[in-house]
Amino acid sequence: MQLLNQLVRNMKSEIAKVHAEINKPFYFCSFGLEDGYFYHTTSWSRLKSILKDGFLSGNPVYLENKGVRQLHPNMICFTTSKWRHLSNLPEVPMIASFGVTHDCYLKIPKEELIDKVKPVIYEVEIHEIESIIDSGQYYYLTTLTHDLESLMRKLGISKEDLPNYLYRIWYVENEFRMKADRYPLPEGSQVYVSSYYQRKVAQKLTHLPVYIDREIMKLKEKLAFRPRIWRRIKRIVGKDLYRKIRYIEVYTRPEERPDGSIATLWVRLYDVKFLDAIPIIKRLKKAGLKVWIPPYAWKYRPYADLKADLKWIG
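These numbers come from a predicted model, not from an experiment.

Description of the overall build of the protein chain
Part 1 of the reasoning: Within the protein chain one finds twelve helices and 18 strands.
Part 2 of the reasoning: Long-range pairs, those at least 24 residues apart, make up 69% of the contacts in the protein chain between residues at least 6 apart in sequence.
Part 3 of the reasoning: Accessible area of the protein chain: about 18200 Å², with a carbon and sulfur share of 55%.

Focus: the side chain of Asn164
Part 1 of the reasoning: Looking at the secondary structure, you find Asn164 in helix α8 (residues 162-165).
Part 2 of the reasoning: Excluding residues within four positions of it along the chain, Asn164 makes contact with Pro73, Met75 and Arg177.

A closer look at helix α12 (residues 274-286)
Part 1 of the reasoning: Between its first and last C-alpha atoms α12 spans 18 Å; for 13 residues at 1.5 Å apiece the expected length is 18 Å, and the two agree.
Part 2 of the reasoning: Against α10 (214-237), α11 (239-242), β16 (266-273), β17 (291-292) and β18 (303-309) lie the buried residues of α12.

Section: the sheet that holds strand β12 (residues 210-212)
Part 1 of the reasoning: Spatially, the four strands line up as an open sheet ordered β2-β5-β11-β12, and their pairing is mixed. Two strands in the sheet have a free side with no partner beyond their single neighbour: β2 (37-42) and β12. Sheet twist, expressed as the mean angle between neighbouring strand axes with direction ignored, is 25 degrees.
Part 2 of the reasoning: Docked against the sheet, helix α9 (residues 196-205) engages β5 (104-109), β11 (190-193) and β12, running at close to 180 degrees with respect to β12.

Thoughts on a nonpolar patch on the surface
Part 1 of the reasoning: Taken together, Ile133, Tyr138 and Tyr139 make up a surface patch of nonpolar side chains, about 330 Å² in accessible area.
Part 2 of the reasoning: In this structure, Tyr138 sits in the loop between α6 (126-134) and α7 (148-155).

Points about the packing of α10 against α12
Part 1 of the reasoning: Running from N to C, α10 and α12 point in directions that differ by 110 degrees, and their axes come no closer than 9 Å. Our classification of the angle between α10 and α12 gives roughly perpendicular. On the side of α10, the interface is formed by Ile233, Ile236 and Val237, while α12 contributes Ile280, Arg283 and Leu284.
Part 2 of the reasoning: For the contact of α10 with α12, a count of residues per class yields five nonpolar, no polar and one charged.

Regarding the pairing of β16
Part 1 of the reasoning: Among the eight residues of β16, six are classified as buried, and the element is accordingly described as predominantly covered.
Part 2 of the reasoning: Here β16 runs beside β18; their pairing, made up of six bridges, is antiparallel. Residue pairing for β18: Val267 is matched across the bridge by Ala308.

Notes on the environment of His146
Part 1 of the reasoning: Examined against the element boundaries, His146 turns out to sit in the loop between α6 and α7.
Part 2 of the reasoning: Classification of His146 as partly exposed rests on a relative accessible area of 25%.
Part 3 of the reasoning: Within the structure, His146 has its side chain in polar contact with the backbone oxygen of Pro25 (distance 3.1 Å).

Rules and cut-offs
- Residues numbered from 1 in each chain as written.
- Predicted model: local features only at pLDDT ≥ 70, side-chain atom pairs only at ≥ 80, totals over all residues.
- Heavy atoms only, no water.
- Helix = DSSP H or I, 4+ residues; strand = E, 2+ residues; numbered from the N terminus.
- Contact = heavy atoms within 4.5 Å.
- Areas by Shrake-Rupley, 256 points an atom, 1.4 Å probe, with all protein chains shown as cover.
- Expected span 1.5 Å × (residues − 1).
- Pairing = 2+ DSSP bridges.
- Axes fitted to C-alpha atoms, helices over the stretch in contact; angles between N-to-C directions.
- Patch = residues over 30% accessible without salt bridge, like charges linked within 9 Å, V, L, I, M, F, W, Y side chains within 5 Å.
- Salt bridge = Lys/Arg side-chain N within 4 Å of Asp/Glu carboxyl O.
- Parallel < 35°, antiparallel > 145°, perpendicular 65-115°, else oblique.
- Nonpolar A, V, L, I, M, F, W, Y, C, P; charged D, E, K, R; others polar.
- Buried < 20%, exposed > 50% of the residue type's maximum accessible area, 1.4 Å probe, protein only.
- Polar contact = N/O pair within 3.5 Å; in protein donor to acceptor, adjacent residues only side chain to side chain.

Here is the structure:
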């Protein structure tokens with residue numbers, strides 16, 4: 001019996017060790033460049049200030065005076081693609097919800113920065129690793145390790161500086177950071193904006209070449225279009241009924257209506273109860289919209305989607 005108890009204790013001890021090892025945090029660093037440039041993405045108001053001054057700054061006092069919230073004091077941040085930090089959340093699919101907040105960027109040749117920046121170290125847990133692999137983003141994990149100190153030595157990051165390079169979120173940003181009070185914009189830098197107005201103003205502020213990024217410009221126009229329609233629908237149906245609609249999506253793809261005609265600009269009102277749908281449909285029709293519903297609406301579930309033609313909106 002004593003021997004059995006000893007075996008059980010040993011087994012529990014081994015299980016505890018394995019559990020602790022599995023649940024230790026993992027670390028990996030930014031995986032490298034995607035082209036020959038580093039990108040400093042920013043808002044239009046901040047870009048104007050950068051171009052006027054002629055430098056990037058990590059100085060928290062300077063940035064506070066400029067109205068900039070500094071997450072990492074004395075650090076200047078870069079990423080490896082314009083797409084990696086367009087909004088407050090870097091994941092591009094989320095932009096539709098959060099809007100484009102970083103609609104301008106500086107494009108700096110890698111030769112100017114490669115020996116001045118260090119990759120960010122991302123800390124993740126085992127379930128996050130599984131999620132990264134399942135999403136097909138396994139290439140982020142090429143430096144994955146339990147050994148944080150080894151990774152720090154490889155990157156030349158001291159213990160004192162580690163808090164400035166260690167991050168728990170937004171690994172898709174693939175971020176690099178430079179510890180500097182200020183960094184003058186090198187001559188090889190390119191300035192990208194997302195409107196004709198921005199380009200006109202930027203060209204007066206800098207001798208660097210200024211270009212319009214038409215992809216971001218089109219994205220901004222598309223995102224600005226949807227909120228205008230949401231507000232229009234809200235005015236038509238009223239605040240109280242608007243709250244009864246779970247979600248509204250705007251479509252520009254052709255949709256055949258029940259009468260055989262084609263809607264080229266239309267809206268779908270998701271999950272509306274029957275009793276709420278009656279006054280909503282009346283108000284939409286009164287405003288001049290053609291409204292239709294799918295067959296068997298409300299027959300098998302208490303909610304149904306309404307569709308309305310928005311071609312009348314110029």
